[in-house]
Amino acid sequence: MSNEAAPQAPVQDLPEQVANRRANRDRIVALGHPAYPNRYDATHLVSDIVQAYAPLSHDELEAIPEEKRRVRVPGRILAIRRMGKKAVFVDLSDGREKTQSYLRQDALTSEDWQLFECLDLGDHVGVSGVVFRTKMGELSVRAEKLTFLAKSLRPLPDKWHGLTDVEVRYRQRYVDLIASLETRRVFEIRARLVSHIRRFFDARGFLEVETPMMQVIAGGAAARPFVTHHNALDLPLYLRIAPELFLKRLVVGGFPKVYEINRNFRNEGISTHHNPEFTMLEFYTAYADARDQMALTEELFRGAAQEILGTTDLAWGKTEKGEPEHVLRFGEPFRRLSMRDAVLEYGAGRVAAEDLGELATLRAAALRVGVESPERFGESKGKLLAELFEAVAEEHLVQPTFIVDFPAEISPLAKTRPENPEIADRFELYVAGMEIANGFCELNDPDEQAEKFRAQVGERDKGDLEAMHFDDDYIEALSYGMPPAAGEGIGIDRLAMLFTGSASIRDVILFPLMRPKALR
RNA sequence: GGGCCGUUAGCUCAGCGGUAGAGCAUCUGACUUUUAAUCAGGGGGUCCCGGGUUCGAAUCCCGGACGGCUCACCA
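How each quantity is defined
Residues numbered from 1 in each chain as written. Chains lettered and ligands numbered in written order. Predicted model: local features only at pLDDT ≥ 70, side-chain atom pairs only at ≥ 80, totals over all residues. Heavy atoms only, no water. Buried < 20%, exposed > 50% of the residue type's maximum accessible area, 1.4 Å probe, protein only. Helix = DSSP H or I, 4+ residues; strand = E, 2+ residues; numbered from the N terminus. Arc of directions from axis to C-beta. Contact = heavy atoms within 4.5 Å. Near = heavy atom within 4 Å. Polar contact = N/O pair within 3.5 Å; in protein donor to acceptor, adjacent residues only side chain to side chain. Nonpolar A, V, L, I, M, F, W, Y, C, P; charged D, E, K, R; others polar. Phe/Tyr/Trp six-rings, centres within 6.5 Å; stacked < 30°, edge-to-face > 60°. 1 Å grid on protein atoms, 1.4 Å probe; cavity = no way out; pocket = protein on both sides within 12 Å on 5 of 7 lines; lining within 4 Å. Points joined across faces, edges and corners; volume = space filled by probe spheres on them. Axes fitted to C-alpha atoms, helices over the stretch in contact; angles between N-to-C directions. Parallel < 35°, antiparallel > 145°, perpendicular 65-115°, else oblique. Left-handed = near helix turned anticlockwise from the far one by under 90°.

So, helix H2 (residues 46-53)
Quick reminder: α-helices carry 3.6 residues per turn. Residues three or four places apart thus point the same way.
Next up, step 1: Burial in H2 covers these residues: Val46, Ser47, Ile49, Val50 and Tyr53. Looking straight down H2, one finds that the buried residues subtend no more than 160° of arc, so they occupy a single side.
Next up, step 2: Taken together, the buried residues of H2 touch helix H3 (58-62), strand S1 (70-82), strand S2 (87-93), strand S3 (98-104), strand S4 (124-133) and strand S5 (139-150).

Points about the protein's contact with RNA strand B
Next up, step 1: Contacts to RNA strand B come from 53 residues, most closely from Glu16, Lys85, Lys135, His274 and Glu435.
Next up, step 2: Atoms of RNA strand B within 4 Å of the protein: sugar and phosphate make up 58%, bases the balance.
Next up, step 3: Within the contact set of RNA strand B, a sugar or linking oxygen lies 2.3 Å away from a side-chain nitrogen or oxygen of Glu167.
Next up, step 4: Elements that contribute at least two residues to the surface near RNA strand B include exactly helix H1 (16-30), S1, S2, S3 and helix H5 (166-171).
Next up, step 5: Among the elements that take part in the surface near RNA strand B, H5 stands out by supplying four residues, more than any other.
Next up, step 6: Here the residues of the surface near RNA strand B are counted per class, giving 17 nonpolar, 13 polar and 23 charged.

A closer look at the packing of aromatic side chains
Next up, step 1: Applying the stated criterion to the full structure yields 16 aromatic pairs.
Next up, step 2: Ring centres 4.6 Å apart and planes at 45° place the aromatic pair Phe201 and Phe283 in the tilted group. Of the two residues, Phe201 sits in helix H7 (residues 181-203) while Phe283 sits in strand S11 (residues 277-286), which places them 82 residues apart along the sequence.
Next up, step 3: Given a relative accessible area of 0%, Phe201 falls into the buried group.

A short note on empty space enclosed by the protein
Next up, step 1: Under the defined criterion, the tally for this structure stands at two cavities of 30 Å³ or more.
Next up, step 2: Here the largest cavity is characterised by a volume of approximately 50 Å³.
Next up, step 3: Around the largest cavity, the lining residues are Ala218, Ala221, Ala223, Pro225, Ile241, Arg460, Glu466, Ala467, Met468 and His469.
Next up, step 4: When the residues that make up the lining of the largest cavity are grouped by side-chain class, the tally is seven nonpolar, one polar and two charged.
Next up, step 5: Forming the walls of the second largest cavity are Gln215, Ile217, Gly219, Gly220, Ala242, Pro243, Glu244, Leu245, Phe246, Arg249 and Asp471.
Next up, step 6: With four residues, helix H8 (residues 244-252) is the largest single contributor of residues to the lining of the second largest cavity.
Next up, step 7: Of the residues in the lining of the second largest cavity, the class split is five nonpolar, three polar and three charged.

Digging into the packing of helix H13 (residues 446-461) against helix H14 (residues 472-479)
Next up, step 1: The contact between H13 and H14 brings their axes to 9 Å, and the two run at 160°. In this view, H13 runs roughly antiparallel relative to H14, as classed from their interaxial angle. The crossing of H13 and H14 is right-handed. Between H13, through Pro446, Gln449, Ala450 and Phe453, and H14, the contact on the second element is made entirely by Tyr474, Ile475, Leu478 and Ser479.

A short note on unusual backbone geometry
Next up, step 1: Its identity as a non-glycine residue notwithstanding, Asp234 has a phi of 45°, on the positive side.
Next up, step 2: Tracing the chain through its elements places Asp234 in the loop between strand S8 (227-230) and strand S9 (235-239).
Next up, step 3: In the Ramachandran plot, Tyr287 falls in the positive-phi region, its phi being about 70° despite a non-glycine side chain.

Structure, rendered in structure tokens:
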């Protein structure tokens with residue numbers, strides 16, 4: 001903003017309400033008040049007043065000496081109800097709760113009354129006075145002194161309908177937050193979720209770490225990265241698509257339990273389930289396998305729901321009547337289903353067991369369920385099975401379900417089952433038709449890992465932009481010996497969607513990526 | 001990227017070929033315990049942008065911008 005000349009429009013050219021507010025700000029300054037003072041000596045926030053005094057009746061309040069219920073409370077003005085020239089009710093908000101203040105001309109100095117005359121909806125003020133109940137029973141602060149705290153130069157959204165323009169809600173989240181308690185609730189729940197996760201892992205002896213977000217090789221997942229450049233080193237760098245390979249280096253280094261909660265960046269499409277930057281929890285447990293991680297995951301989700309929402313039954317979706325379409329039951333054991341069985345169960349009538357054996361029959365089945373040009377997945381039966389799964393089963397996995405027994409071909413960082421080298425010891429958790437978590441027993445044989453990297457490089461040479469690079473340094477790390485370990489990634493944004501009943505990932509990200517409005 | 005839908009006052013919306021409207025907000029006036037306060041009156045518009053059709057376009061057609069949903073891709 002500072003590099004462009006932003007000429008201030010003449011007052012007469014401003015929108016009417018902005019011009020009025022600027023004029024009021026000038027008047028306030030003329031009355032001797034700073035327009036934007038540095039501090040206010042508050043005794044209570046609005047919520048503190050509600051908490052402390054709401055339980056008390058009119059008589060109980062009056063029984064308390066006035067000097068014991070004298071407060072100084074700051075807040076944003078959300079409503080002004082004038083009762084003639086000499087009395088007025090002003091609603092004050094701290095963002096969370098509201099309380100009203102009763103201003104009488106004869107209880108204020110004439111200077112303070114003049115100040116009141118210059119106030120607009122949205123301004124911040126401090127009210128000093130005595131807590132009481134009106135004859136309508138409303139908890140109020142009878143103002144004795146008024147302090148100006150900050151001017152709002154723009155009008156707030158409609159007090160009744162709020163802000164419904166989705167675009168403005170995302171672009172100007174601060175306005176959304178002012179206007180919508182529900183939006184505020186979503187982000188409070190998200191914060192409590194992250195906080196719960198930290199406490200959960202800390203309590204179990206996991207060490208929270210931070211690993212590079214800028215990487216020379218963007219590894220640990222199949223995705224296209226963002227590219228950037230370090231000037232002093234003249235070095236191309238990638239924003240990470242996953243922390244995985246660094247976290248496992250730490251397991252090699254002797255931290256048997258580590259976790260990280262941080263941003264990943266993937267240069268791919270945007271949708272109701274995808275934002276280019278998203279928050280991922282990854283955690284690694286030495287000496288554990290996929291089965292152990294699944295148990296830990298159930299425990300984490302169940303405890304979080306109980307603590308944050310007070311129930312393990314989560315409402316999801318809305319019917320036409322406005323009732324929840326589903327109740328996600330986190331209290332019951334999560335179903336476990338092999339990818340193969342999921343395809344057969346949800347593709348019943350379209351896909352049969354004998355289709356899954358040969359390349360040709362897999363391709364035919366894929367075509368039948370709507371996968372376009374299945375030959376683009378090459379000769380990989382594993383990729384075709386995964387495609388079938390996504391086409392046929394994914395959207396139906398509403399209740400928490402672990403999909404297990406992934407094809408080894410699409411799991412280049414995972415160990416295979418001891419009894420079957422074609423099946424990875426891997427799982428993904430699906431809830432509400434979304435992939436929420438992905439975990440597996442980590443491949444720790446450096447030679448086998450090198451082999452799988454080479455196969456990935458082969459895929460990349462054939463044009464798969466999401467195939468992995470060969471990471472020499474990671475192979476070297478493994479060659480020092482990594483204990484058996486299982487790892488897992490959990491998408492925090494999607495989990496927050498489940499916990500808040502949000503249909504779009506943009507509703508749980510404060511500032512989702514938006515295309516710039518216009519380049520001037 | 002494809003399809004469908006949306007963009008009108010600060011906000012929420014109506015108007016869909018014939019002089020641009022309502023509620024809230026704003027301004028003026030009445031009211032010293034109201035709470036979506038009430039009552040009376042006034043002001044406020046690049047109808048997203050650019051073309052076209054028409055005597056006449058917010059409205060119809062074409063192109064574009066931004067957004068939502070959805071399909072494709074992904075986590």
